[in-house]
Each structure stands twice: as structure tokens, then as C-alpha cells.
Amino acid sequence: VGSPSSVLRVLNGLLAVLRRPPVTRWPSRRQGAALFLGYCGTWGLAGSGIYLLTVSLTPGLGAEAWLPIVGMFALSVCAGFLAVVAPAGVGVREAVFVLGLEAYVPPGQAVFVAIAARLVFTAAELVAIGGFVGLPGLLAARRDRSEGSP
């Protein structure tokens, strides 16, 4: 079902409906594995931050909760991506995360952690976007100053 060739067929079928050119290049297995490991690392780091936030609010929550919390965070992000009717998965990601997190913390704390996570990650995305948008202008201004000075 999820083999690269079947995913490519479905993707190209959707692109044909949208009157877009088909995908002709596909990542190799090595590139796919590197992307997968990169995402695992990213979700591991982000989930670890969520775990630390959760531990700071819940005395007695041990290290055994790290993997389930990181996994729930990754699952909630995926659910948010798949919820195409909700912009950026708003509400869906939080609901999935709260449902899983309630096994480890009281419901009020689970809601707080989910909302705090959304706010932190939204702020991080805005900072990254600002850097990508503003960096070329800053570099151009710096280059212009260095070319204009004797």
C-alpha cells in the first residue's frame, strides 16, 4: 500500500487532476532512509522538549514516559498533517496529543502542554520564516555596504 511506486502513482494521479506536471524524480532508498532518520531525530528532539515541559509540570513522572510522550507527539503531528480540513491541523493535533497524554498527566495539564507546544512551535516557525525572508535582504545590504566603502 505504501510502497514508493504506489505512492508515486497516487501522487501523479492527484497531480494530473490538478493539471500539474507529474513527479519524475523520486528519492532513492538511501535518500529516503536519510529523510526518515532526519525526521525521527527532529521529532525526537521536539518530543524531548515536550517531555521536559510535561515533567516540569508533573512531579513523579519518570523517564519511562519519555518514549510514549515523544511517540504521541509524533503521532499528533502526523494527524495534524492529515487533517486537511483544519489549517495546520489546528485542534486535531492538540486533541490527539491530549488523548494520549491523559494516560500520564491530569487532563488540565495535558491541555496546557498541548497548547503550550502549539504556541512554542508556531513561534519557532515564525522565527525561522523571518530568518529565511529577512536574511537575503540583510546579506544584500551588507554586500552593498562593503562594495560602497573604500
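Our subject is the structure listed above.
Reading the values: rules and limits
- Residues numbered from 1 in each chain as written.
- Predicted model: local features only at pLDDT ≥ 70, side-chain atom pairs only at ≥ 80, totals over all residues.
- Heavy atoms only, no water.
- Helix = DSSP H or I, 4+ residues; strand = E, 2+ residues; numbered from the N terminus.
- Contact = heavy atoms within 4.5 Å.
- Axes fitted to C-alpha atoms, helices over the stretch in contact; angles between N-to-C directions.
- Parallel < 35°, antiparallel > 145°, perpendicular 65-115°, else oblique.
- Left-handed = near helix turned anticlockwise from the far one by under 90°.
- Nonpolar A, V, L, I, M, F, W, Y, C, P; charged D, E, K, R; others polar.
- Expected span 1.5 Å × (residues − 1).
- Buried < 20%, exposed > 50% of the residue type's maximum accessible area, 1.4 Å probe, protein only.
- Polar contact = N/O pair within 3.5 Å; in protein donor to acceptor, adjacent residues only side chain to side chain.
- Core = buried A, V, L, I, M, F, W, Y, C linked by side-chain atoms within 4.5 Å.
- Phe/Tyr/Trp six-rings, centres within 6.5 Å; stacked < 30°, edge-to-face > 60°.
- 1 Å grid on protein atoms, 1.4 Å probe; cavity = no way out; pocket = protein on both sides within 12 Å on 5 of 7 lines; lining within 4 Å.
- Points joined across faces, edges and corners; volume = space filled by probe spheres on them.

### Some details on the environment of Val105
Among the secondary structure elements, Val105 is positioned in the loop between helix 4 (92-101) and helix 5 (107-148). If sequence neighbours within four positions are ignored, Val105 has contacts with Thr54, Thr58, Leu61 and Ala110.

### So, the packing of helix 3 (residues 66-82) against helix 4
To describe two helices that pack against each other, one gives the angle between their axes and the distance between the axes. Look at helix 3 against helix 4: their axes get within 8 Å of each other, and the N-to-C directions meet at 155°. Classified by the interaxial angle, the pair formed by helix 3 and helix 4 is roughly antiparallel. Along this stretch, helix 3 crosses helix 4, giving a crossing that reads as right-handed. Listed contacts from helix 4 to Ile69, Met72, Phe73, Leu75, Ser76, Val77, Ala79 and Gly80 of helix 3 are Val92, Arg93, Val96, Phe97, Gly100 and Leu101. Residue composition of the contact of helix 3 with helix 4, by class: ten nonpolar, three polar and one charged.

### Observations concerning helix 2 (residues 29-57)
Relative to the 42 Å expected for 29 residues at 1.5 Å per residue, helix 2 spans 41 Å between its end C-alpha atoms, a close match to the ideal helical length. Of the residues making up helix 2, those classed as buried are Gly44, Ala46, Gly47, Ile50, Tyr51 and Thr54.

### Observations regarding the side chain of Glu94
With respect to the helices and strands, Glu94 occurs in helix 4. In terms of polar contacts, Glu94 uses its side chain to reach the side chain of Arg118, at 2.4 Å. For Glu94, the residues in contact, after removing those within four places along its chain, are Gly89, Ala114 and Arg118.

### Topic: the nonpolar core
Core analysis: the biggest nonpolar cluster contains 17 residues, and Ile50, Ile69, Phe73, Phe97 and Leu101 have the highest contact counts within it. Of all the secondary structure elements, the ones that give two or more residues to this core are helix 2, helix 3, helix 4 and helix 5. In this structure, Ile69 is in contact with Ile50, Tyr51, Thr54, Leu61, Phe97 and Leu101, ignoring residues within four places of it in sequence.

### Notes on the packing of aromatic side chains
A complete count under the given rule lists three aromatic pairs for this structure. Judged by centre distance (6.1 Å) and plane angle (50°), the ring pair of Tyr39 and Trp43 falls under tilted. Here Tyr39 pairs with Trp43, and both are found in helix 2, just four residues apart, close to one helical turn. Under the relative-accessibility criterion, Tyr39 is labelled exposed at 52%. For the pair Phe73 and Phe97, a centre-to-centre distance of 6.3 Å together with 85° between the ring planes defines the contact as edge-to-face. Linking Phe73 in helix 3 with Phe97 in helix 4, this pair joins segments that are 24 residues apart in sequence. Each member of the pair Phe73 and Phe97 is classed as buried. Through successive ring pairs, a cluster of aromatic residues spans Phe73, Phe97 and Phe121.

### Thoughts on empty space enclosed by the protein
For the structure on display, the rule yields one cavity of 30 Å³ or more. Taken as a whole, the largest cavity spans an internal volume of roughly 50 Å³. Lining the largest cavity are Phe73, Ser76, Arg93, Glu94, Phe97, Ala114, Ala117 and Arg118. Elements represented by at least two residues in the lining of the largest cavity include exactly helix 3, helix 4 and helix 5. Class assignment of the residues belonging to the lining of the largest cavity gives a composition of four nonpolar, one polar and three charged.

### Regarding the side chain of Thr54
Among the structural elements, Thr54 can be located in helix 2. Since its relative accessible area comes to 0%, Thr54 is described here as buried. Looking at Thr54, its side chain comes within polar contact range of the main-chain oxygen of Ile50, at 2.8 Å. In contact with Thr54, other than residues within four places in its own chain, are Leu61, Ile69, Leu101, Val105 and Val113.

Remember that the coordinates give geometry; whether it matters functionally is a separate question.
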